[in-house]
Amino acid sequence: MTEFWLISAPGEKTCQQTWDKLMVATSRTNILSTNHKFNIPDLKVGTLDVLVGLSDELAKLDTFVESVVKKVAQYMADVLEDSRDKVQENLLANGVDLVTYITRFQWDMAKYPIKQSLKNISEIISKQVTQIDNDLKARASAYNNLKGNLQNLERKNAGSLLTRSLADIVKKEDFVLDSEYLVTMLVVVPKTDYSDWQKTYETLAEMVVPRSTKQLFEDNDSGLFSVTLFRKAVDDFRHKARENKFTVRDFQYNEEEMKADKEEMTRLCTDKKKQFGPLVRWLKVNFSEAFIAWIHIKALRVFVESVLRYGLPVNFQAMLLQPNKKNMKRLREVLNDLYKHLDSSAAVIDASMDIPGLNLSQQEYYPYVYYKVDCNLLDFKV
């Protein structure tokens, strides 16, 4: 289970008692969840007005940062081409896997100094993650263009003989070049019609050079044949060939052009390899940064909502629950029993009502502060 419930309840005589009560309630009959204390430092509270406004801002910031975390993770999967193990290896926070990071969460005092106001901390996070989002767009665009150009070239060099590039199939000696009168044409013949071709190609137009056809290449469906004829017979030959289900390819042997195509392919392959390593490193570092920022926002939201709900002085215990998948419904019931005294109206509050500071429109409302954190950030193509 990669889903966590981040909740808080007011301190009883001590916060330890609140923790002990939860532990007893969630393990009384069978283990409903694995629980961890979630350490939030003593942040600056500020005024009630600021807290109410900040509550709404943090909800929007939470959604934005989560979307950036998912975008970076998904792009990592695209770049590593959906090798699931490889992707998971690179999706780390502070060098550890996400579950370890979140269950052992420690506030990063250097990045987000707690002497700053809550609003300032949220602005630091917002700026940082907006920068990551902008950088991702630029880097992804450059890499996708490169990848797209390479795929187009690769597509040109693969597929049916009717459409693919012929540059890597034909050689200079397959053509009559620099002749005023003669020209070599390339014709795609279905495998089933080889004998018809051999019988008829000399008669498809006047002035076809006898015994000039040669098979140059074959794929699963067709063969590529060369044939030499006089230039003035080209149109007639092309027309008659089509009537006999032979396809004349528009192709002129041009060594310079073919060389340029090969060089372009080599250049794109080299560029892609050059960009791949630094891009994966950038994604790894910035995924970590964005994920850490996201969990700090969750911590901020728990702090703000706890103060708004439970009042001052600050006295609450934040707890991270990893629900047992089979017992999620039962866990929700146990938590409601444990904390229903905190807000008797909670059971009947409509989640679509918009009450400032409570963000009911964003999610379900419970008598305790609750936020879901889902560490499963990837939609893998199965």
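The structure displayed is predicted, hence computed values, not measured ones. (Residues numbered from 1 in each chain as written. Predicted model: local features only at pLDDT ≥ 70, side-chain atom pairs only at ≥ 80, totals over all residues. Heavy atoms only, no water.)

Here's the deal with the overall build of the protein chain
At step 1: Summing up its helical and strand segments, the protein chain has nine helices and eight strands in all.
At step 2: Taking 382 residues into account, the globule formula puts the C-alpha radius of gyration at 21 Å, and the protein chain, at 34 Å, lies well above it.
At step 3: Classification of the 382 residues of the protein chain by burial places 44% in the buried group.
At step 4: Residue pairs at least 24 apart in sequence account for 80% of intrachain contacts in the protein chain once pairs closer than 6 positions are excluded.
At step 5: Entry remark: accessible area of the protein chain is about 20,700 Å², with carbon and sulfur atoms responsible for 50%.
At step 6: Between the mean site of the 53 positive side-chain charges and the mean site of the 53 negative ones, the protein chain shows a separation of 4 Å. (Helix = DSSP H or I, 4+ residues; strand = E, 2+ residues; numbered from the N terminus. Rg over C-alpha atoms; globule rule 2.2 N^0.38 Å. Buried < 20%, exposed > 50% of the residue type's maximum accessible area, 1.4 Å probe, protein only. Contact = heavy atoms within 4.5 Å. Areas by Shrake-Rupley, 256 points an atom, 1.4 Å probe, with all protein chains shown as cover. Lys, Arg positive; Asp, Glu negative; His and termini not counted. Charge placed at Lys NZ, Arg CZ, Asp CG, Glu CD.)

Structural notes on the pattern of salt bridges
At step 1: Summed over the entire model, instances satisfying the criterion amount to 21 salt bridges.
At step 2: Linking lysine 71 and aspartate 133 is a salt bridge whose minimum nitrogen-to-oxygen distance equals 2.9 Å. On the criterion of sequence distance, the pair formed by lysine 71 in helix H2 (residues 48-79) and aspartate 133 in helix H5 (residues 118-156) is long-range, its members being 62 residues apart.
At step 3: Taken together, the salt bridges that share partners define one network made up of Glu57, Lys119 and Glu123. (Salt bridge = Lys/Arg side-chain N within 4 Å of Asp/Glu carboxyl O.)

Things to note about helix H1 (residues 15-26)
At step 1: Under the 1.5 Å per step criterion, the end-to-end length of H1 is 17 Å for twelve residues, consistent within 8% with the ideal 16 Å.
At step 2: For H1, the secondary structure elements touched by its buried residues are strand S1 (3-10), strand S2 (33-37), strand S7 (316-323) and helix H9 (328-339). (Expected span 1.5 Å × (residues − 1).)

What about the nonpolar core?
As a rule of thumb, nonpolar side chains are buried together in soluble globular proteins.
At step 1: Grouped together as the largest cluster of nonpolar side chains are 64 residues, with contacts concentrated most on Phe38, Ile40, Ile125, Leu283, Phe287, Phe291 and Ile295.
At step 2: Broken down by secondary-structure element, the contributors of at least two residues to this core are S1, H2, helix H4 (98-103), H5, helix H8 (255-310), S7 and strand S8 (369-374).
At step 3: For this core, the leading source of residues is H8, giving 18 residues.
At step 4: When sequence neighbours within four positions are dropped, the list of residues in contact with phenylalanine 291 reads Val69, Ala93, Leu98, Tyr101, Cys375 and Leu377.
At step 5: Residues Met185, Val189, Val208 and Val234 belong to the second largest nonpolar core, which totals 19 residues. (Core = buried A, V, L, I, M, F, W, Y, C linked by side-chain atoms within 4.5 Å.)

Let's talk about the sheet that holds strand S3 (residues 182-190)
At step 1: An order of S4-S5-S3-S6 is seen for the four strands of this open sheet, with the pairing classed as antiparallel. With partners counted over all chains shown, the strands left at the sheet margins are strand S4 (214-218) and strand S6 (247-249), one partner each. Averaged over neighbouring strand pairs, the angle between their axes works out to 35° when direction is ignored.
At step 2: Contacts from helix H7 (residues 234-243) reach S3, strand S5 (222-230) and S6 within the one sheet, and its direction differs from that of S3 by about 5°. (Pairing = 2+ DSSP bridges. Axes fitted to C-alpha atoms, helices over the stretch in contact; angles between N-to-C directions.)

Focus: the confidence of the model for the protein chain
At step 1: Looking at the protein chain as a whole, its pLDDT mean stands at 91, while 93% of the residues score no less than 70.
At step 2: Ignoring residues within four places in sequence, the model shows residues 348-353, a span with pLDDT below 50, making eight contacts including any to other chains. (pLDDT = per-residue confidence, 0-100.)

Brief notes about the pairing of S7
At step 1: Within S7, eight of the eight residues are buried, which leaves it mostly tucked inside the rest of the structure.
At step 2: The two faces of S7 match: Phe316, Ala318, Leu320 and Gln322 on one face and Gln317, Met319, Leu321 and Pro323 on the other face are all buried.
At step 3: Both S1 and S7 contribute to a ladder of six bridges, which runs antiparallel. Paired with serine 8 across the strands is alanine 318, a residue of S7.
At step 4: Direction of pairing for S2 relative to S7: antiparallel, over a ladder of five bridges. Looking across to S7, one finds that lysine 37 is bridged to methionine 319.

Here's the deal with H9
Each full turn of the α-helix corresponds to 3.6 residues, which orients residues three or four apart in the same direction.
At step 1: Taking 1.5 Å per residue as the helical rise, H9 with its twelve residues ought to reach 16 Å, and the 17 Å between its terminal C-alpha atoms agrees with that figure.
At step 2: Among the residues of H9, Leu331, Arg332, Val334, Leu335 and Tyr339 are the ones counted as buried. Viewed end-on, H9 has its buried residues packed into an arc of 165°, placing them on one side of the element.
At step 3: Where H9 is buried, its residues touch S1, H1, S2, S7 and S8. (Arc of directions from axis to C-beta.)

Structural notes on the sheet that holds S8
At step 1: Taken in spatial order, the four strands make up an open sheet running S2-S7-S1-S8, and their pairing is antiparallel. Strand pairing shows two members of the sheet lacking a second neighbour, S2 and S8, which therefore form its edges. Between one strand axis and the next, the sheet turns by 25° as a mean value, whatever way the strands run.
At step 2: Set on the sheet, H8 makes contact with S1, S7 and S8; between it and S8 the angle comes to about 170°.
At step 3: In the packing of H9 onto the sheet, contacts are made with S1, S2, S7 and S8, and the angle to S1 comes to roughly 10°.

Structural notes on the environment of tyrosine 366
At step 1: The topology assignment puts tyrosine 366 in the loop between H9 and S8.
At step 2: Taking the C-alpha atoms as reference points, tyrosine 366 and leucine 335, separated by 31 residues in sequence, lie 9.2 Å from one another.

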